[in-house]
Amino acid sequence: YHPPRNVLLALVGEVGELAELFQWRSEVSRGLPEFSASDKTRVGEELSDVLIYLIDLAEQCHIDLPSAVLDKMAKNAAQVPSGEGQGTLGEVQRLPRV
C-alpha cells in the first residue's frame, strides 16, 4: 500500500518513461509504424504501468473513474462544435466496466 501522493508521483514517473520512447522522434503516425516491434512492446508496457497507477490513484481517491470519464467526455462534447472531435461518447460507453 502506498498513499495517494506517492502513487501520483509514481504515475508521473511512468508517464516520463513513456515520453522517453517518443522523445527525439519526428512526428509519429497512428499505429506507430515508425517503431520497431520491441519499441511498440515497450510502449505497451509503459502504457500499462500508467494505467495501473491511474486506476490505483482513482480508487484511493474514491473516484469512479469510468463514470468520471463519461462525464468529462459529455462535458467536452458540449463544448466542441459537432463533427470536430475525434471518437465518440458511444465508443467510450462500450468500454468494459471494471
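Worth saying up front: this structure is predicted, and the values here are computed from it rather than measured. (Residues numbered from 1 in each chain as written. Predicted model: local features only at pLDDT ≥ 70, side-chain atom pairs only at ≥ 80, totals over all residues. Heavy atoms only, no water.)

1. Some thoughts on the side chain of glutamate 46
Along the chain, glutamate 46 falls in helix 2 (residues 37-60). Buried within the structure, glutamate 46 lacks any salt-bridge partner; arginine 42 is the closest side chain of opposite charge, at an N-O distance of 5.5 Å. Excluding its chain neighbours within four sequence positions, the residues that come into contact with glutamate 46 are Glu14, Glu17, Leu18 and Leu21. (Helix = DSSP H or I, 4+ residues; strand = E, 2+ residues; numbered from the N terminus. Buried < 20%, exposed > 50% of the residue type's maximum accessible area, 1.4 Å probe, protein only. Lys, Arg positive; Asp, Glu negative; His and termini not counted. Salt bridge = Lys/Arg side-chain N within 4 Å of Asp/Glu carboxyl O. Contact = heavy atoms within 4.5 Å.)

2. Side note on a nonpolar patch on the surface
A cluster of nonpolar side chains, Leu51, Leu54 and Ile55, forms an exposed patch at the surface whose accessible area comes to about 240 Å². Along the polypeptide, isoleucine 55 turns up in helix 2. (Patch = residues over 30% accessible without salt bridge, like charges linked within 9 Å, V, L, I, M, F, W, Y side chains within 5 Å. Areas by Shrake-Rupley, 256 points an atom, 1.4 Å probe, with all protein chains shown as cover.)

3. Quick word on unusual backbone geometry
Phi at tryptophan 24 is positive, roughly 70 degrees, even though this residue is not glycine. One can find tryptophan 24 in the loop between helix 1 (4-22) and helix 2. With relative accessibility at 79%, the residue tryptophan 24 sits in the exposed group. Of note in this structure, histidine 62 is not a glycine but carries a positive phi near 55 degrees. Position of histidine 62 among the secondary structure elements: in the loop between helix 2 and helix 3 (65-79). Relative accessible area serves as the criterion here: at 75%, histidine 62 is assigned to the exposed category.

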